Amino acid sequence: GPGGTMTWAARLSANRWLVPVVAATAGLVLLVCQPAGLLGTYDLARMHECYKHDFRAAVLAGEWPWWNPYTALGRPFFADLETACAYPPNWLVLPLGVAGGILALLWLHLAVAVAGGTALGEHLGLRRPWADFAALAYTFSGAVLARIQAGQLQDRKSTRLNSSHTDISRMPSS
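Residues numbered from 1 in each chain as written. Predicted model: local features only at pLDDT ≥ 70, side-chain atom pairs only at ≥ 80, totals over all residues. Heavy atoms only, no water.

Peer 1: What exactly am I supposed to notice about unusual backbone geometry here?
Peer 2: Most peptide bonds adopt trans geometry, and most residues besides glycine take a negative phi value. The residue Ala 72 is not glycine, and still its phi comes out positive at about 50 degrees. Tracing the chain through its elements places Ala 72 in the loop between strand S1 (67–68) and strand S2 (75–76). Residues other than glycine seldom take positive phi values, yet Ala 84 does so here, at roughly 50 degrees. As for its placement among the helices and strands, Ala 84 is situated in the loop between S2 and helix H4 (93–123). A relative accessible area of 13% places Ala 84 in the buried class. (Helix = DSSP H or I, 4+ residues; strand = E, 2+ residues; numbered from the N terminus. Buried < 20%, exposed > 50% of the residue type's maximum accessible area, 1.4 Å probe, protein only.)

Peer 1: Explanation requested: the confidence of the model for the chain in the structure shown.
Peer 2: Do not read the predicted coordinates in detail wherever pLDDT is low. In the predicted model, the chain carries a mean pLDDT of 81, and 80% of its residues have values of at least 70. In this model, residues 157–161 is a region of pLDDT below 50 whose contacts with residues beyond four sequence positions or in other chains number seven contacts. (pLDDT = per-residue confidence, 0-100. Contact = heavy atoms within 4.5 Å.)

Peer 1: Explain helix H2 (residues 18–33) here, please?
Peer 2: Between its terminal C-alpha atoms H2 stretches 22 Å, which fits the 22 Å expected from 16 residues at 1.5 Å a residue. Among the residues of H2, those classed as buried are Val 19, Pro 20, Ala 23, Ala 24, Gly 27, Leu 28 and Leu 31. Down the axis of H2, the smallest arc covering the buried residues is 145 degrees, so these residues share one side. (Expected span 1.5 Å × (residues − 1). Arc of directions from axis to C-beta.)

Peer 1: Where do I start with the packing of H4 against helix H5 (residues 128–139) in this structure?
Peer 2: Packed helix pairs are characterised by how far apart their axes lie and by the angle those axes make with each other. In contact at an axis separation of 8 Å, H4 and H5 are set at 135 degrees when each is read in the N-to-C sense. Accordingly, the angle class assigned to the pair H4 and H5 is oblique. The hand of the H4/H5 crossing is right-handed. For the pair formed by H4 and H5, the contact residues are Leu 110, Ala 113, Val 114, Gly 117, Thr 118, Gly 121 and Glu 122 on the first element and Arg 128, Ala 131, Asp 132, Ala 135, Leu 136, Tyr 138 and Thr 139 on the second. Tallied by class, residues from the contact of H4 with H5 come to seven nonpolar, four polar and three charged. (Axes fitted to C-alpha atoms, helices over the stretch in contact; angles between N-to-C directions. Parallel < 35°, antiparallel > 145°, perpendicular 65-115°, else oblique. Left-handed = near helix turned anticlockwise from the far one by under 90°. Nonpolar A, V, L, I, M, F, W, Y, C, P; charged D, E, K, R; others polar.)

Peer 1: Sorry if this is basic, but what is going on with helix H3 (residues 42–60) here?
Peer 2: Along an α-helix, residues three or four apart share an orientation, since each turn contains 3.6 residues. End to end, H3 covers 27 Å across 19 residues, agreeing with the expected 27 Å (1.5 Å per residue, within 8%). Inspection of H3 places Leu 44, Met 47, His 48, Tyr 51, Lys 52, Phe 55 and Ala 58 among the buried residues, and these make up the whole buried set. Directly after H3, the chain includes Gly 62, whose backbone phi takes a positive value near 85 degrees.

Below you can see the structure in the form of structure tokens.
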């Protein structure tokens, strides 16, 4: 713009982190403030909180959680896909506690979905504001939010789509 000022679209393009950070923060606040309450959802309250508590307690006690003695007659804990012990964002429960770690994990997932969707849109030829709009439309669609609202933190479909965005956006243009 004249006098060295940038338009809002140019400023937005210059700050690649701005839209994912703001969108993830706003999305998480809305999810937490919904009448049902995010941390009280079925899967989250009855499964993920328990698993993350057990994971955190074992690691902070200096042990690795190989076995879950609390399910039926016991079953592997580390190898259980639902516990996702090998997924580094789940380790956020160690410094942040169970509730803080879960909220940080969800915030990170939302930010990656927006950033990856924007990168995919730009790779497909969309200008930045339209790529951001497409990313926000995906991230806040029923396909993603319904799973989060149900407490499905490590849903394989959402994780696969998020990683696909970033993988496809790295492909060379022809």
